[in-house]
Amino acid sequence: MKVIILAAGEGKRLMPYTKGIPKCMVEVGNVPLINHQIEVLKKAGINDIIIIKGHCSDKINIENTKTFINEKYYETNMVYSLFCAESELNEDLIISYGDIVYSESIINNLLKSKRDISVVVDLDWKSYWEERFDNPLDDAESLKFDNKGRIIEIGRKTNNLDEISGQYIGLMKFSRTGINDLTSIYHKSKLSNKIQGKEANNAFMTDLLQSIINEGKSIWPVFTNGEWVEIDTTNDLSLEITKERIDFISKKLKKL
């Protein structure tokens, strides 16, 4: 199993903390965010780690990792970053955002999934969003399941809580078949230069996931109730819940 960490972004909502460093190198508990994540991955037995760099790429120097650089990080988004490492899209693969940290139980549950495409979904998202935002709906996105439990909608802005059955945390796994679906649908979308109405180079991962769903492919959730943290804004860094979640993940790792 290999992991691709998408870490090319500028982290504009984390300024001034991201002045001169990538978002994933912002420190939480005196440790860079990406180092927290890599510790969890290695504890889970995953050592084949690929990092997609962009903004201040020279500041990310992690031993025993492979790197690709998104030279157009300032004008592109996550899907473009992912396909900077297209040569690595050839076997079972985990894709992770660079601004999250998750517990080993989350990664282990994801590894256990036998589905071709699995996405980690937090069912306890609302209490976390209420800590992070004055209005949780300002930053929440739609996520719906069908009667079989598959994800049928993801990533759309909504003001309706009934359209939010959980929140996608930025962590997913693809089998080789799932990777084939991912790449073929991406290249099909590139022909029209549109992914869910956005220019292909500016599409989010949720846009590509929704395109996969729209093509009739199944995407399945792997559930968690907390046990992860996202650092997206300066407010996230100042919250006590951020420290509590990082401490919780670190303490569980030390017991292993």
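Draft legend 1. Fine view of the layout of surface pockets. Roughly 1,200 Å³ of volume is contained in the largest pocket. Taken together, 44 residues make up the lining of the largest pocket; nearest its centre are Lys23, Asn77, Met78, Phe204 and Asp232. Every element with two or more residues in the lining of the largest pocket is listed here: β1 (2-7), α2 (78-82), β9 (141-145), β10 (151-157), β11 (167-174), α6 (205-214) and β15 (228-230). Broken down by class, the residue content of the lining of the largest pocket amounts to 15 nonpolar, 15 polar and 14 charged.

Draft legend 2. Fine view of the packing of helix α5 (residues 176-192) against α6. Where α5 contacts α6, the two axes come as close as 10 Å, and the packing angle between them is 100°. Taken together, the axes of α5 and α6 lie roughly perpendicular to each other. Residue-level inspection shows Leu182, Ile185 and Tyr186 of α5 in contact with α6, the latter providing Leu208, Ser211 and Ile212. Grouping the constituent residues of the contact of α5 with α6 by class yields 5 nonpolar, 1 polar and no charged.

Draft legend 3. Structural view of the pattern of salt bridges. Under the counting rule described, the total for this entry stands at 20 salt bridges. The shortest N-O distance in the salt bridge between Glu230 and Arg132 comes to 2.9 Å. Linking Glu230 in strand β15 with Arg132 in helix α4 (residues 125-132), this pair joins segments that are 98 residues apart in sequence. Taking the relative accessible area as the measure of exposure, Glu230 reaches 14% and is therefore buried. Ionic contacts of the salt-bridge type, sharing partners, join the residues Arg13, Lys23, Asp99, Asp139 and Asp232 into one network.

Draft legend 4. Up close: the sheet that holds strand β6 (residues 93-97). If you trace the 7 strands from one edge of the open sheet to the other, you get β5-β4-β1-β6-β11-β8-β14, paired in mixed fashion. The open sheet has two edge strands, β5 (66-69) and β14 (220-224), and neither has a second partner. On average, adjacent strands in this sheet sit at an angle of 25° to one another, irrespective of strand direction. Taken together, the 5 bridges between β1 and β6 define a ladder with parallel strand orientation.

Draft legend 5. Summary view of the packing of aromatic side chains. Following the criterion strictly, the structure yields 9 aromatic pairs and no others. Judged by centre distance (5.4 Å) and plane angle (85°), the ring pair of Tyr73 and Tyr74 falls under edge-to-face. In this structure an aromatic cluster arises from ring pairing among Trp125, Tyr128, Trp129, Phe133 and Trp228. Looking at Arg115, its charged tip hangs above the ring of Trp220, at a distance of 3.6 Å from the centre. In this structure, Arg132 packs its charged tip against the face of Tyr128, placed 5.0 Å from the ring centre.

Draft legend 6. How the structure looks around unusual backbone geometry. Each neighbour pair has its own omega, and for Met15 with Pro16 the value is 10°, a cis peptide bond. By the element assignment, Pro16 lies in the loop between β1 and β2 (27-28). Backbone geometry places Glu227, a non-glycine residue, at a positive phi of 65°. Here Glu227 is to be found in the loop between β14 and β15. The class for Glu227 is partly exposed, based on a relative accessible area of 23%.

Draft legend 7. Broad picture of the environment of Thr234. Position of Thr234 relative to the elements: it lies in helix α7 (residues 234-238). Looking at Thr234, the relative accessible area reads 32%, which means it is partly exposed. The spatial distance from the C-alpha of Thr234 to the C-alpha of Met15 is 7.2 Å, given a sequence separation of 219 residues. Setting aside residues up to four positions removed in sequence, Thr234 forms contacts with Arg13, Leu14, Met15 and Tyr17.

Draft legend 8. View of the side chain of Lys173. Following the sequence through the fold, Lys173 ends up in strand β11. Buried and unpaired, Lys173 has no salt bridge, with Asp92 as the nearest side chain of opposite charge at 5.8 Å. At a separation of 2.9 Å, a polar atom in the side chain of Lys173 contacts the main-chain carbonyl oxygen of Ser113.

Draft legend 9. Structural context of α5. With 17 residues, α5 should cover 24 Å at 1.5 Å per step; its first-to-last C-alpha distance of 25 Å lies within 8% of that length. Taken as a whole, α5 has its buried residues at Gly178, Ile179, Asp181, Leu182, Thr183, Ile185, Tyr186 and Ser189. Looking at the buried residues of α5, the elements they touch are α2, β6, β8 (117-122), β11, β12 (194-195) and α6. Structurally, the start of α5 carries an N-cap: the backbone nitrogen of Thr177 is 3.3 Å from a side-chain oxygen of Ser175.

Reading guide: rules and limits
- Residues numbered from 1 in each chain as written.
- Predicted model: local features only at pLDDT ≥ 70, side-chain atom pairs only at ≥ 80, totals over all residues.
- Heavy atoms only, no water.
- 1 Å grid on protein atoms, 1.4 Å probe; cavity = no way out; pocket = protein on both sides within 12 Å on 5 of 7 lines; lining within 4 Å.
- Points joined across faces, edges and corners; volume = space filled by probe spheres on them.
- Helix = DSSP H or I, 4+ residues; strand = E, 2+ residues; numbered from the N terminus.
- Nonpolar A, V, L, I, M, F, W, Y, C, P; charged D, E, K, R; others polar.
- Axes fitted to C-alpha atoms, helices over the stretch in contact; angles between N-to-C directions.
- Parallel < 35°, antiparallel > 145°, perpendicular 65-115°, else oblique.
- Contact = heavy atoms within 4.5 Å.
- Salt bridge = Lys/Arg side-chain N within 4 Å of Asp/Glu carboxyl O.
- Buried < 20%, exposed > 50% of the residue type's maximum accessible area, 1.4 Å probe, protein only.
- Pairing = 2+ DSSP bridges.
- Phe/Tyr/Trp six-rings, centres within 6.5 Å; stacked < 30°, edge-to-face > 60°.
- Lys NZ or Arg CZ within 6 Å of the ring centre and 35° of its normal.
- Lys, Arg positive; Asp, Glu negative; His and termini not counted.
- Polar contact = N/O pair within 3.5 Å; in protein donor to acceptor, adjacent residues only side chain to side chain.
- Expected span 1.5 Å × (residues − 1).

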